[in-house]
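# Residue-level structure breakdown
Residue-level listing of the chains:
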Amino acid sequence: LLCGVSAGRVLRDYPEVITFLIPALAPSVGYDQQNPHHLYTVWEHTIRAVENVPPEPFYRLTMLLHDSGKPYTRTTDSNGVGHYKGQPQVSAQLARKTMTSLRFDRAMIERVVKLVEAHDIPLNTDRKRLLWLLNRYGEEDLRAIFVIHRADRIATGTRNHLHAEEHYRELSAALDALLAEKPCFTLKD
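Residues numbered from 1 in each chain as written. Predicted model: local features only at pLDDT ≥ 70, side-chain atom pairs only at ≥ 80, totals over all residues. Heavy atoms only, no water.

## Observations concerning the overall build of the protein chain
Secondary structure summary: the protein chain contains 9 helices and 2 strands in total. Helices and strands in the protein chain line up, N terminus first, as α-α-α-α-α-β-β-α-α-α-α. Referenced to the eigenvectors of the C-alpha coordinate spread, the extents of the protein chain come out at roughly 50 × 40 × 30 Å. Buried positions account for 48% of the 189 residues belonging to the protein chain. By element, 55% of the accessible surface of the protein chain is carried by carbon and sulfur atoms, the whole surface being about 10100 Å². In the protein chain, 24 side chains carry a positive charge and 23 a negative one; their mean positions are 3 Å apart. (Helix = DSSP H or I, 4+ residues; strand = E, 2+ residues; numbered from the N terminus. Buried < 20%, exposed > 50% of the residue type's maximum accessible area, 1.4 Å probe, protein only. Areas by Shrake-Rupley, 256 points an atom, 1.4 Å probe, with all protein chains shown as cover. Lys, Arg positive; Asp, Glu negative; His and termini not counted. Charge placed at Lys NZ, Arg CZ, Asp CG, Glu CD.)

So this is what it looks like as structure tokens:
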């Protein structure tokens, strides 16, 4: 269902079915983020994020669950702007609970939970930062984080699509260049 080409249409047209299967997503439907960096509700942002990743189960599940913690973590400042401190961690907890109840295998659960928790980490082309990220996530998951980060930024509706694409290319090129040096970034190395 989520890995088909029309996943976004299914999510848009049948939110009641999805939220019946995954109750943790119910508060996201129609939830106004009250934040100038997000044009859409959490649900519409989620749909757009799902649409902007490759149709592979771990990507689609990560994007489906990546902001599930937002309704539980919002604080509002004196200007009426919503903030979501700790949201990636709460979303990761909800992802673990959801995927466990749906009986996903342990490897898929661990990978999706790790990616949900990392979906919002700061990314740049700084060599030290990339080495640290490589050490923490490994090459495969770091590249997945780049893809997730790109999709998440595009789905805000407030950022230029081309800017998100360019940032993704810069990150990928910087990682490729770093790996070409064959750096030591783990104890094993």
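Let us keep going from here.
## Brief notes about helix 4 (residues 57–65)
Residues three or four positions apart in an α-helix share a direction because the helix packs 3.6 residues into each turn. Among the 9 residues in helix 4, 8 count as buried, and that is most of the element. Taken together, the buried positions of helix 4 are occupied by Phe 58, Tyr 59, Arg 60, Leu 61, Thr 62, Met 63, Leu 64 and Leu 65. For helix 4, the secondary structure elements touched by its buried residues are helix 1 (7–13), helix 3 (42–51), helix 6 (87–101), helix 7 (106–118) and helix 8 (127–154). (Contact = heavy atoms within 4.5 Å.)

## Examining the packing of helix 4 against helix 8
Relative orientation of the contacting elements helix 4 and helix 8 amounts to 45°, with a least axis distance of 11 Å. The pairing of helix 4 with helix 8 is recorded here as oblique in orientation. The crossing of helix 4 and helix 8 is right-handed. Residues Phe 58, Tyr 59, Thr 62 and Met 63 of helix 4 pack against Arg 143, Ala 144, Val 147, Ile 148, Ala 151 and Asp 152 of helix 8. (Axes fitted to C-alpha atoms, helices over the stretch in contact; angles between N-to-C directions. Parallel < 35°, antiparallel > 145°, perpendicular 65-115°, else oblique. Left-handed = near helix turned anticlockwise from the far one by under 90°.)

## Side note on the packing of helix 4 against helix 7
Closest axis-to-axis distance for the helix 4/helix 7 pair is 9 Å, and the angle between their directions is 50°. The orientation of helix 4 with respect to helix 7, classified from their angle, is oblique. For the pair helix 4 and helix 7, the sense of crossing is right-handed. Counted together, Pro 57, Phe 58, Leu 61, Thr 62 and Leu 65 of helix 4 and Met 108, Arg 111, Val 112, Leu 115 and Val 116 of helix 7 form the full contact between these two elements. For the contact of helix 4 with helix 7, the class distribution of residues is 8 nonpolar, 1 polar and 1 charged. (Nonpolar A, V, L, I, M, F, W, Y, C, P; charged D, E, K, R; others polar.)

## A short note on the layout of surface pockets
What the largest pocket holds in volume is close to 260 Å³. For the largest pocket, the lining is made up of 13 residues, of which His 38, Lys 70, Asp 120, Asp 152 and Arg 153 are closest to its centre. (1 Å grid on protein atoms, 1.4 Å probe; cavity = no way out; pocket = protein on both sides within 12 Å on 5 of 7 lines; lining within 4 Å. Points joined across faces, edges and corners; volume = space filled by probe spheres on them.)

## Points about the side chain of Thr 73
Along the chain, the position of Thr 73 falls in helix 5 (residues 70–73). With a relative accessible area of 12%, Thr 73 lands in the buried category. Within the structure, the side chain of Thr 73 is placed 3.2 Å from the backbone oxygen of Gly 69, a separation counted as a polar contact. Once you skip the residues sitting within four places of it in the chain, Thr 73 turns out to touch His 83, Tyr 84, Lys 85, Gly 86, Gln 87 and Val 90. (Polar contact = N/O pair within 3.5 Å; in protein donor to acceptor, adjacent residues only side chain to side chain.)

## Some words on a nonpolar patch on the surface
Taken together, the side chains of Tyr 14, Val 17, Phe 20 and Leu 21 present a nonpolar region at the surface, about 450 Å² in accessible area. Along the chain, Tyr 14 turns up in the loop between helix 1 and helix 2 (15–21). (Patch = residues over 30% accessible without salt bridge, like charges linked within 9 Å, V, L, I, M, F, W, Y side chains within 5 Å. Salt bridge = Lys/Arg side-chain N within 4 Å of Asp/Glu carboxyl O.)

## A short note on helix 9 (residues 161–180)
For helix 9, built from 20 residues, the straight-helix expectation of 28 Å at 1.5 Å per residue is met to within 8% by its first-to-last C-alpha distance of 29 Å. Buried residues of helix 9: Ala 164, Glu 165, Leu 171, Ser 172, Ala 174, Leu 175 and Leu 178, and no others. In this fold, the buried residues of helix 9 make contact with helix 8. (Expected span 1.5 Å × (residues − 1).)

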